[in-house]
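# Chains, contacts and geometry: an overview
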Amino acid sequence: MGLQIKQDSTDPARVAVQLEVTGMTCAACAARIEKVLTRAPGVMRAVVNLPMETALVETDGSAGPDALIRLVEGAGFGAEERASDASSERARQEQADAAARAEERRTFTLLVFSTLLTLPLVAGMVTAPFGLNLMPPAMVQMGLATIIQIVVGRRFYVGAARALAGGGANMDVLVVLGTTAAYLYSAILTLRAWPENPGHLYFEASAVILTLILFGKLLETRAKRTTTAAIRALTELRPDTAHRLTESGAIETVPVDALFPGDRVLVKPGERMPVDGRVLEGGSDLDESLVTGESLPVAKTVGDEVIGGTINGSGALTVETTALGADSKLSAIIRLVEAAQSSKAPVQKLVDKVSSIFVPIVVLVAIATFAGWWLTGAELDAAIGATVAVLVIACPCALGLATPTALVAGTGAAARAGILIRDIEALEIAHKVDTVVFDKTGTLTEGRPAVTDIRAFDRNDDRLLRIAASAQLPSEHPLGRAMIEAAEERGLQLSRPSDFRAVPGQGIIAEIAGETVLIGNSRLLQAHDVDRFMADQIARSFAAEAKTCATVAIAGHAVGVIALADTVRAETPAGLARLAELNVAPVMLTGDTEAVARTVAEELGIEKVIAGVPPEGKAETVTGLVEEGRTVAMVGDGVNDAPALAAASVGIAMGSGSEVALETAGITLMRPRPDLVADAIGVSRATVRKIRQNLFWAFAYNVVGIPLAALGLLTPALAGAAMALSSVSVVTNAALLRRWRAKAQ
């Protein structure tokens, strides 16, 4: 297990240290480690996650890795340093996975052994009410129980000893107290009465409790491994080797860690992309589903960006390396998911406080139970049985697992859908969102112009578009590129102009097949004495629809008008419909004019529009909505959206947006699809629902079970079964979140 150090980019004095801790068995263990780390000099914050077995520590830089590891070891647990490069991380993950599987096999073998020794004791207990005495002799019972107490109970004794040595108490302490009390009491009675019959014994209780708890641990371990599958799946996406192209064009297979930015790599059909890069040669379709959640293959050609870990389709690609290792998008995704799964939700902080004081309180309740039975004249057997049952059923394991297991499963399911939860608090708040504020450009719309209408005066739209696109071939202007894209989509054959000149603020002048072509606004046409009456009439009608118009003239005569606009994303209507189903109100917030904003809003059915807002005013607008009592999610993609993302209850950044927006938002959508916003809210609601279910059952087991045990209505064996069942039911219920699927496809 290990440790990772990184400098927090937002605070030069703050260093984040991530440790993977071994030896934790319950919530009290996690609380103990948190307390030890938080009290250390130089530590600003410490968060321990039980199912992930991690500790995230923020320091001022004075508390080094070795010092933090010694603190954890001093508390009776363990931690090791983790290498940061990709291959070492993969090896560490595989080693940890192999160790977990080996431990699972050992636990299973021990469970079989324990079950075989416990069966004779259980047989006697089960058949007794039917008048059958199948219970083995007392000395045989003691022999079987002794082996179980030593062999099976060893792990609990070790865990309890470590906790007590560190000044804390955990679930192991309760198990050890309960089973040891039952075993020693029975052993003393047996030895004192031997060779006579000693009467009722509790050997079967101690043996059954240890066996059931071991069974619960096995199921719990298996369930926890499924909730952390997202990190393992992401880690396994990284290839170990790449085909590097030398200066001479030769191909050499090298480790990915040996590559440098600027290196050219060949990616053959069916291979995983080894690096983040840009396509230099070739074309193919990439399967990006495990990285971005995009279910359909994505076409890639020269100039397109590719993401490491994605799967190449049927074409070979030559890719220039742009990012490697910790700088790659896949590593960034893994860090985001790990940080989210290692952090702590507000509700968990309250649960941790309850868990940390729970064990001492239970011990006091157990003492009070024994005293109450003894002072009321009950038999010693009854007093001990009730006390042992209280100690066993009160283990707070389920309480400690209730929230983090659901969060781990929820963030993992979200990551598979291309929804990255950077901040657990955002996930917890998102379920209450009742208002979603959308930035218009680049969020609800494509963020770039596209041809929407073509009006050729001779009704030959294809000819008009072919001439306009051909004239624009040398242009880098967004409107010109939009015309070229529209022509390519129609399969039109373009001809490069023999002469080209851009007129800033007006348009372009080109020479094609000996004829002068003008494309631009009224000022350009007026400057060249082109009759623009009909063109201006058409342009005015398009302008009323908030569209930009370009008139095309050939040889001094206007021949048609092409209208362009920032088009609505194809997924936007479905996304807004999904929000309506969730009773969430959409709001459009934009710096565009009222006319442009209203046109888009009417097309989408958005009632509330806030237009003409400058970048610095967006945050104030969002703050105003929050102050009205709304729970607001802000969705944006640009640098100017960052303040508004920070001001919202929950910030949601589109993955195609700026780095500033991605760093500010609590939730990132890996695909620029507005319909994923509803899925982000949906996975939040599903996760919070699981948390509430888990907390209910965890508290219910203890609230109902402890009084029943204290009153003698639960035998120690039944108490052990209930305790094991509580942990298993909580973890299994959380694991069901892995079935959650995004509706955006």
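Residue positions are given per chain, counting from 1 as you read along its sequence in written order. The predicted nature of this model means local features are confined to residues of pLDDT at least 70 and side-chain atom pairs, given and counted, to a pLDDT of 80 or more, with totals for whole chains, interfaces and linings taken over all residues. To obtain the side-chain values, all non-hydrogen atoms of the structure were included, while hydrogens and water were left out.

Take the overall build of the chain next. The helix and strand labels rest on DSSP assignments: H or I over at least four residues marks a helix, E over at least two residues marks a strand, and numbering proceeds from the N terminus. The helix and strand tally for the chain stands at 26 helices and 27 strands. Think of it in three bands: residues with accessible area under 20% of the maximum for their type are buried, residues over 50% are exposed, and the middle band is partly exposed, with areas taken using a 1.4 Å probe on protein chains only. Burial analysis of the chain (745 residues in total) assigns 54% to the buried set. Here the open area of atoms and residues is found with the Shrake-Rupley method and a 1.4 Å probe, where only the protein chains shown may cover a residue. When the accessible surface of the chain is totalled, it reaches about 32,000 Å², and 57% of it is carbon and sulfur.

Whenever a carboxyl oxygen of Asp or Glu lies within 4 Å of a side-chain nitrogen of Lys or Arg, that contact is scored as a salt bridge. Under the definition given, this model contains 14 salt bridges. Here Arg-244 ties to Glu-252 by a salt bridge, and the two come within 2.9 Å at their closest N and O atoms. Classification of Arg-244 by relative accessible area gives buried; the value is 19%. Judged by relative accessible area, which is 30%, Glu-252 ranks as partly exposed. Between Arg-278 and Glu-305 there is a salt bridge whose closest N-O contact spans 3.7 Å. Of this pair, Arg-278 sits in strand β9 (residues 276-281) while Glu-305 is found in strand β12 (residues 305-306), placing the two residues 27 residues apart along the sequence. Classification of Arg-278 as partly exposed rests on a relative accessible area of 30%.

For two strands to be treated as a pair, DSSP must find no fewer than two bridges joining them. Pairing analysis gives 3 bridges linking strand β6 (residues 241-245) to strand β8 (residues 264-267), with the strands arranged antiparallel. Note on β8: the bridge partner recorded for Arg-244 is Val-265. Sheet analysis places β8 next to strand β14 (residues 317-323), joined by 4 bridges and oriented antiparallel. In the strand pairing of β14, Arg-264 is matched with Glu-320.

Okay, unusual backbone geometry next. The phi dihedral of Arg-459 falls on the positive side, at around 70°, and the residue is not glycine. Structurally, the position occupied by Arg-459 is in the loop between β17 (445-456) and α16 (461-471).

This part takes up the packing of helix α4 (residues 138-152) against helix α5 (residues 154-165). Each axis is a line fitted through C-alpha atoms, taken for helices only over the stretch in contact, and angles between the N-to-C directions span 0 to 180 degrees. The contact between α4 and α5 brings their axes to 4 Å, and the two run at 50°. On the basis of the axis angle, α4 is oblique to α5. When α4 is examined against α5, the residues Gln-149, Ile-150, Val-151 and Val-152 are found in contact with a partner set consisting of Arg-154, Arg-155, Phe-156 and Tyr-157. Considering only residue class, the contact of α4 with α5 consists of 5 nonpolar, 1 polar and 2 charged. Small angles under 35 degrees read as roughly parallel and large ones over 145 as roughly antiparallel, with 65 to 115 read as roughly perpendicular and the rest as oblique. A contact between two residues is defined here by any heavy atoms of the two lying within 4.5 Å. We call Asp, Glu, Lys and Arg charged. Ala, Val, Leu, Ile, Met, Phe, Trp, Tyr, Cys and Pro are nonpolar, and the rest, Gly among them, are polar.

Turning next to the sheet that holds β9. Overall, antiparallel pairing links the 6 strands, which are arranged β7-β6-β8-β14-β9-β12 in an open sheet. Of all the strands in the sheet, just β7 (251-255) and β12 have a single pairing partner and so form its edges. Where β9 meets β14, 5 bridges bridge the pair, whose relative direction is antiparallel. Looking at the pairing, Arg-278 lines up with Glu-320 of β14.

This paragraph deals with the packing of aromatic side chains. Centres within 6.5 Å make a pair out of two Phe, Tyr or Trp rings, where for Trp the six-membered ring is used; the pair is then stacked when the planes are under 30 degrees apart, edge-to-face when over 60, and tilted otherwise. Summed over the entire model, instances satisfying the criterion amount to 3 aromatic pairs. Centroid distance Phe-696 to Trp-697: 5.2 Å. Interplanar angle 75°. Geometry classified as edge-to-face. Taking the relative accessible area as the measure of exposure, Phe-696 reaches 53% and is therefore exposed. Accessibility expressed as a relative area gives 46% for Trp-697, which makes it partly exposed.

Following the UniProt record, one finds the feature "transmembrane region" (unreviewed entry) at residues 108-128, 134-152, 173-194, 200-219, 357-376, 382-402, 695-714 and 720-737. End-to-end, the C-alpha atoms of residues 173-194 are 31 Å apart, and along that stretch the chain is 95% helix and 0% strand. The span residues 695-714 carries 80% helix and 0% strand; its end-to-end C-alpha distance comes to 22 Å. UniProt positions are given in the numbering used here, feature names are shortened, and annotations may be inferred rather than shown by experiment.

In spatial order, the strands read β17-β22-β21-β20-β19-β18; together these 6 strands make up an open sheet with antiparallel pairing. The open sheet is flanked by β17 and β18 (499-503), the only strands paired with a single partner. For this sheet, the mean angle separating the axes of adjacent strands, direction not counted, is 20°. Looking at chain direction, strand β21 (residues 548-554) and strand β22 (residues 557-568) are connected through 7 bridges and run antiparallel. Its bridge partner being in β22, Cys-549 is matched across the sheet by Ala-563.

Tracing the backbone shows Val-47 in strand β3 (residues 43-49). When the C-alpha atoms of Val-47 and Glu-58 are compared, they prove to be 8.9 Å apart, with 11 residues separating the residues in sequence.

Another aspect to go through is the packing of helix α12 (residues 380-393) against helix α25 (residues 675-710). Where α12 contacts α25, the two axes come as close as 8 Å, and the packing angle between them is 170°. The orientation of α12 relative to α25 falls into the category roughly antiparallel. Contact with α12, carried on its side by Ala-386, Ala-389, Val-390 and Ile-393, involves Tyr-701, Asn-702, Gly-705, Ile-706, Ala-709 and Ala-710 of α25 and no other residues of that element. Classifying every residue of the contact of α12 with α25 gives 8 nonpolar, 2 polar and no charged.

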